[in-house]
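# Summary of structural features
Now for the letters of each chain:
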Amino acid sequence: MNSVAVLHASQLVTLAGPKRPRVGREMSNLAIIRDGGILICDGVIAAIGSSKEIARKVRGSRIVDAGGRIILPGFIDAHTHLVFAGNRLDDFERRSRGETYEQIAAAGGGIWSTVKKTRAASESELFEQAKKHANWFLRCGTTTVEAKSGYGLTVDDELKILRVIRRLNNKTPIAFVPTFLGAHAIPHEDRRSPQRYVDLVINEMLPRVAKEKLAEFCDVFCEHGYFDVEQSRKILGAAKKLGLRLRIHADQLSNSGGAKLAGELKATTADHLEKTDGQGIGAMKSANVQPILLPGSVYALGSPDYPRAREMIEAGLGVVIATDFNPGSSPSPSMLMMLSLASTHMKISPAEALTASTINAAYTLGRGEKIGSLEPGKLANFSIFDCEDYRELAYWFGFSQADSVYVRGERVWSGGLRSSAKN
C-alpha cells in the first residue's frame, strides 16, 4: 500500500459538508481544521484530522510537512475553452483602443479568427499547445478542468478538438471533462443559411460525438447573432436524447432568454449570466440549475457588467466560479485571479469563492462524490499554498501562491516543498 501523511497545515480547508452543492450560508462554511493533517492510501483520503491525530495513524508512511501553509482541495475549473490554435493578440490590441467585442467580431476577429487557425492546425499541433495550457492550470492549483470544443465548426474539426481533450486526459495529471460546443458560432460559410448549420450540428455532429463517446456534455452559445432560443432548444433537445447532459452560454451580451431556457430544459448549468435578471434567476432556482460565473471575461472585455452574484447566492443557487479560459475574452488559467475578481467586483466573500471553485464546481461535472472537498473516501487532489490564511488567496493577486499540487496523492507540480520518508 502506498501511504502518505501530510501534516502541519496552518489551515486544512476541507469543505466537508452536505453531499450536494452548497447554497446560501453553507457557502461560507469551509470546515477548516487548524494544524490539520491528511492520511492518504493509494491515492484516496483515508483520514482527516489534526496533525496530532493523523501522526498517530502513520505506519511507514511517507511524510510531507506543509510547514504552516494552507491546504485546500484542487481547484475545479468548470468552464474553459482550452483547445485552440494561435492567439488573439490583434483583438486584444484593438480592444485596448476602444473597439467592442461585437465590432471586432464584425471585422473578422473574435471567434472566427481562432476558428481559422484551429482548422488549419493538426491534432498534434493542437495537443502540444493545449498541453502547455494544461501546465499553466496546474501551476495555479487546478486539478480538474471542463474543456469545450467550439473552434472547429465542421464535423471533422470539432471531433479533432474533442480527441485532443481525450488525449490530454491520458497524458497530463489534470482530469479533463469534455463538452461538445459545436454551436459556438455560425460559420462564415453558413451565415446566409444558419439553419443548415443547426441541422449539421443536430444530424451529423451530435451523433458522431455520442457514438465515439467524446463528450459528457453539450453546450450552446444562446445569444443574439449566434444561436437564438429556438435553435438552442432544438440543439440541446437533440443532445439530451443522445444521453448528453446540458450546459448553456446564457445572457452574456444581452438578456436573450438563456437562463430561462436553462430552467425550462433543466440544464446542469447556465454560464456567464452577465445580463440575467430576476426572472432568469428564478427560472434557474426552480429547476436547480447551477450558475457558473466568469468574472475573467468581464474583466478582460473591460465591461462593468458583472453577474448579480449576491442575488444568486441569496436566492439559494449553488453558485460556481470558473475562468472561461479562452484566447479572446479571458486569456487566464488562474482560478486565484478569479477569486480576487469575485471578491472585489461581485461581492462574493473569500469563503464563498472557495466553495464556488471547488465543491460546487465538482457537482456541475457530476463528480461531487469523488472530488471538490477533502474527506475520507475522496481522491487526494489538493494544493498547498504559501500562505497561512485562506483569505490571502483572494487578497494577494496577480501571481500564483501555489507551493505544490497533488493529484491522487502524488505531487505533480512543486515550487519548492520537500517531502521526507519517516516511520
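Throughout what follows, the structure given in this document is the object of discussion. Owing to the predicted nature of the structure, the values given are computational and were not obtained by experimental measurement.

### With respect to the packing of helix 5 (residues 123–139) against helix 6 (residues 155–171)
Remark: helix 5 packs on helix 6, axes separated minimally by 9 Å, with the N-to-C direction vectors making an angle of 50°. Considering their axes alone, helix 5 and helix 6 lie oblique with respect to each other. Relative to helix 6, helix 5 is oriented so that their crossing is right-handed. Counted together, Glu 123, Ser 124, Leu 126, Phe 127, Ala 130 and Lys 131 of helix 5 and Lys 160, Ile 161, Arg 163, Val 164, Arg 167, Leu 168 and Lys 171 of helix 6 form the full contact between these two elements. For the contact of helix 5 with helix 6, the residue count by class is 6 nonpolar, 1 polar and 6 charged.

### Section: the pattern of salt bridges
All chains considered together, the criterion is met by 24 salt bridges. Taking the shortest distance from any N to any O, the salt bridge between Arg 233 and Glu 264 comes out at 2.8 Å. In this pair, Arg 233 sits in helix 8 (residues 229–241) while Glu 264 sits in helix 9 (residues 258–265), placing the two residues 31 residues apart along the sequence. The class of Glu 264 is partly exposed, set by a relative accessible area of 44%. One network of salt bridges, with partners in common, ties together Glu 146, Lys 148, Asp 219 and Arg 247.

### Topic: the packing of aromatic side chains
Under the counting rule described, the total for this entry stands at 9 aromatic pairs. Each ring, one from Phe 382 and one from Tyr 406, has its centre 4.6 Å from the other, and the planes form 10°; the classification is stacked. Of this pair, Phe 382 sits in strand 14 (residues 382–385) while Tyr 406 is found in strand 15 (residues 402–407), placing the two residues 24 residues apart along the sequence. Looking at Phe 382, the relative accessible area reads 1%, which means it is buried. For Tyr 406, a relative accessible area of 0% translates into the label buried. Members of the aromatic cluster, joined through ring pairs, are Phe 84, Trp 136, Phe 137, Tyr 151 and Phe 325. We note Arg 167 situated over the ring of Phe 127; from NZ or CZ to the ring centre the distance is 3.9 Å.

### Focus: unusual backbone geometry
Its identity as a non-glycine residue notwithstanding, His 272 has a phi of 90°, on the positive side. Its place among the elements puts His 272 in strand 11 (residues 269–272). Within the chain, Asn 288 stands out as a residue other than glycine whose phi angle is a positive 55°. On the secondary structure map, Asn 288 appears in the loop between helix 10 (278–286) and strand 12 (290–293). Judged by relative accessible area, Asn 288 falls into the exposed class, the value being 63%.

### Section: the side chain of Thr 114
Here Thr 114 lies in helix 4 (residues 111–120). Polar side-chain contacts of Thr 114 include one of 2.7 Å to the side chain of Arg 88.

### Topic: the pairing of strand 14
The two faces of strand 14 match: Phe 382 and Ile 384 on one face and Ser 383 and Phe 385 on the other face are all buried. Across 4 bridges, the pairing between strand 14 and strand 15 is antiparallel. For Phe 385, the partnering residue across the bridge sits in strand 15 and is Ala 402.

### Here's the deal with the packing of helix 8 against helix 9
Two quantities define a packed helix pair, namely the angle between the axes and the distance from one axis to the other. The interhelical angle for the contact between helix 8 and helix 9, taken along N-to-C directions, is 30°, at an axis separation of 11 Å. As the angle between them shows, helix 8 and helix 9 are arranged roughly parallel. In the packing of helix 8 onto helix 9, the handedness of the crossing is right-handed. Between helix 8 and helix 9, the contacting residues are Val 229, Ser 232, Arg 233, Leu 236 and Lys 240 on the first element and Leu 261, Glu 264 and Leu 265 on the second. Taken together, the residues of the contact of helix 8 with helix 9 sort by class into 4 nonpolar, 1 polar and 3 charged.

### Comments concerning a nonpolar patch on the surface
A surface patch of nonpolar side chains, amounting to about 390 Å² of accessible area, comprises Tyr 395, Trp 396 and Phe 399. Tracing the backbone through its elements, the reader meets Phe 399 in the loop between helix 16 (392–395) and strand 15. With relative accessibility at 47%, the residue Phe 399 sits in the partly exposed group.

Reading the values: the criteria
- Residues numbered from 1 in each chain as written.
- Predicted model: local features only at pLDDT ≥ 70, side-chain atom pairs only at ≥ 80, totals over all residues.
- Heavy atoms only, no water.
- Axes fitted to C-alpha atoms, helices over the stretch in contact; angles between N-to-C directions.
- Helix = DSSP H or I, 4+ residues; strand = E, 2+ residues; numbered from the N terminus.
- Parallel < 35°, antiparallel > 145°, perpendicular 65-115°, else oblique.
- Left-handed = near helix turned anticlockwise from the far one by under 90°.
- Contact = heavy atoms within 4.5 Å.
- Nonpolar A, V, L, I, M, F, W, Y, C, P; charged D, E, K, R; others polar.
- Salt bridge = Lys/Arg side-chain N within 4 Å of Asp/Glu carboxyl O.
- Buried < 20%, exposed > 50% of the residue type's maximum accessible area, 1.4 Å probe, protein only.
- Phe/Tyr/Trp six-rings, centres within 6.5 Å; stacked < 30°, edge-to-face > 60°.
- Lys NZ or Arg CZ within 6 Å of the ring centre and 35° of its normal.
- Polar contact = N/O pair within 3.5 Å; in protein donor to acceptor, adjacent residues only side chain to side chain.
- Pairing = 2+ DSSP bridges.
- Patch = residues over 30% accessible without salt bridge, like charges linked within 9 Å, V, L, I, M, F, W, Y side chains within 5 Å.
- Areas by Shrake-Rupley, 256 points an atom, 1.4 Å probe, with all protein chains shown as cover.

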